[in-house]
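Structure at a glance
Spelled out, the chains give:
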Amino acid sequence: MLKIAVLVSGGGSNLQSIIDSISAGELKNVEIEYVISDREGVFALERAKKYGINTITLDRNKYKNNLNAEIHNILSGKVDLIVLAGFLSIIKGPILEEFRHKIINIHPSLIPSFCGKGMYGLKVHEAAINYGVKVSGCTVHFVEEDTDTGAIILQSVVEVLVNDTKETLQQRILVEEHKALPRTIKLFAEGNIKVNGRQVIVKE
Ligand code: GRF
């Protein structure tokens, strides 16, 4: 059984995609041990509670620089994979060493475009539209010291349409995110992801 923790900050639609894949039997031998939020009262926590998943809120305003140490304390030795699903705090410090190549993040663009510090939510889609790219998409990658620079595991491409607003593009990319994240967890659970420096070899 692969034990995972899902870290959230908002609506939790990506968390829901993992819960749904487990319920549907598509994600086998995977169990969500914890859902951790860095802010209070977000809808992702409600989603988790509905399925009886253990939820923890670590308010980022309260924990400040100790947030990472606190998350590490809770998860050390307890889970096999940490999934950042719309988690807005930056992961840093010793947790990155214990969980090297065991923390994944989903980002709503084709990295290395429209990513890095401060690039989250609708800002990403606005930047893509303003730049005039013809395709955007989502990226699942490993988490390392710098923001959004870890090795890329999966990417899905979405066409940018002439009439797209940042909201419509976000919605179409979210549909792909909801496939890419459970798919990556499945590949990880089945031992089908091999890392060779920046190259990640995925066996389907
Ligand atoms: C998603 O677009 C994800 O890629 C990004 O934050 C958003 C979170 O959405 N990191 P949700 O909370 O999973 O609905």
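Residues numbered from 1 in each chain as written. Predicted model: local features only at pLDDT ≥ 70, side-chain atom pairs only at ≥ 80, totals over all residues. Heavy atoms only, no water.

1. Structural notes on the packing of helix α6 (residues 122-131) against helix α7 (residues 166-189)
For the pair α6 and α7, interaxial distance at closest approach is 9 Å and the crossing angle is 110°. The pairing of α6 with α7 is recorded here as roughly perpendicular in orientation. α7 is crossed by α6, and the crossing has right-handed handedness. Here Leu 122, His 125, Glu 126, Ala 128 and Ile 129 of α6 lie close against α7, whose contacting residues are Lys 166, Glu 167, Leu 169, Gln 170 and Ile 173. Considering only residue class, the contact of α6 with α7 consists of five nonpolar, two polar and three charged. (Axes fitted to C-alpha atoms, helices over the stretch in contact; angles between N-to-C directions. Helix = DSSP H or I, 4+ residues; strand = E, 2+ residues; numbered from the N terminus. Parallel < 35°, antiparallel > 145°, perpendicular 65-115°, else oblique. Left-handed = near helix turned anticlockwise from the far one by under 90°. Contact = heavy atoms within 4.5 Å. Nonpolar A, V, L, I, M, F, W, Y, C, P; charged D, E, K, R; others polar.)

2. Concerning the sheet that holds strand β5 (residues 103-107)
The mixed open sheet is built from seven strands, whose spatial order is β3-β2-β1-β4-β5-β6-β7. Of all strands in the sheet, those bounded by a partner on one side alone are β3 (55-57) and β7 (152-159). Strand-to-strand, the axes of this sheet are offset by a mean angle of 20°, without reference to chain direction. Across three bridges, the pairing between strand β4 (residues 81-84) and β5 is parallel. When the sheet's bridge partners are listed, Val 83 is paired in β5 with Ile 104. Contacts from α7 reach β1 (2-8), β2 (30-37), β4, β5, β6 (135-142) and β7, with the element oriented near 155° to β7. (Pairing = 2+ DSSP bridges.)

3. Remarks on the nonpolar core
One finds Ile 4, Val 6 and Ile 185 to be the most contacted residues of the largest nonpolar core, which totals 42 residues. Top contributing element to this core by residue count: α7, with seven residues. Residues contacting Val 6, with those up to four places away along its chain left out, are Leu 15, Ile 18, Ile 32, Tyr 34, Val 35, Ile 36, Val 83 and Ala 85. By size, the runner-up hydrophobic cluster in this structure holds 20 residues, among which are Leu 67, Ile 82, Phe 87 and Ile 95. (Core = buried A, V, L, I, M, F, W, Y, C linked by side-chain atoms within 4.5 Å. Buried < 20%, exposed > 50% of the residue type's maximum accessible area, 1.4 Å probe, protein only.)

4. Things to note about the packing of aromatic side chains
Any two aromatic rings considered together are summarised by their centre-to-centre distance and by the angle between their planes. One pass over the full model with this rule turns up one aromatic pair. Between Phe 114 and Tyr 131 the ring centres are 6.0 Å apart and the planes differ by 65°, which places this aromatic pair in the edge-to-face class. With Phe 114 in the loop between β5 and α6 and Tyr 131 in helix α6, this pair connects stretches of sequence that are 17 residues apart. Overall, the relative accessible area of 16% leaves Phe 114 in the buried class. (Phe/Tyr/Trp six-rings, centres within 6.5 Å; stacked < 30°, edge-to-face > 60°.)

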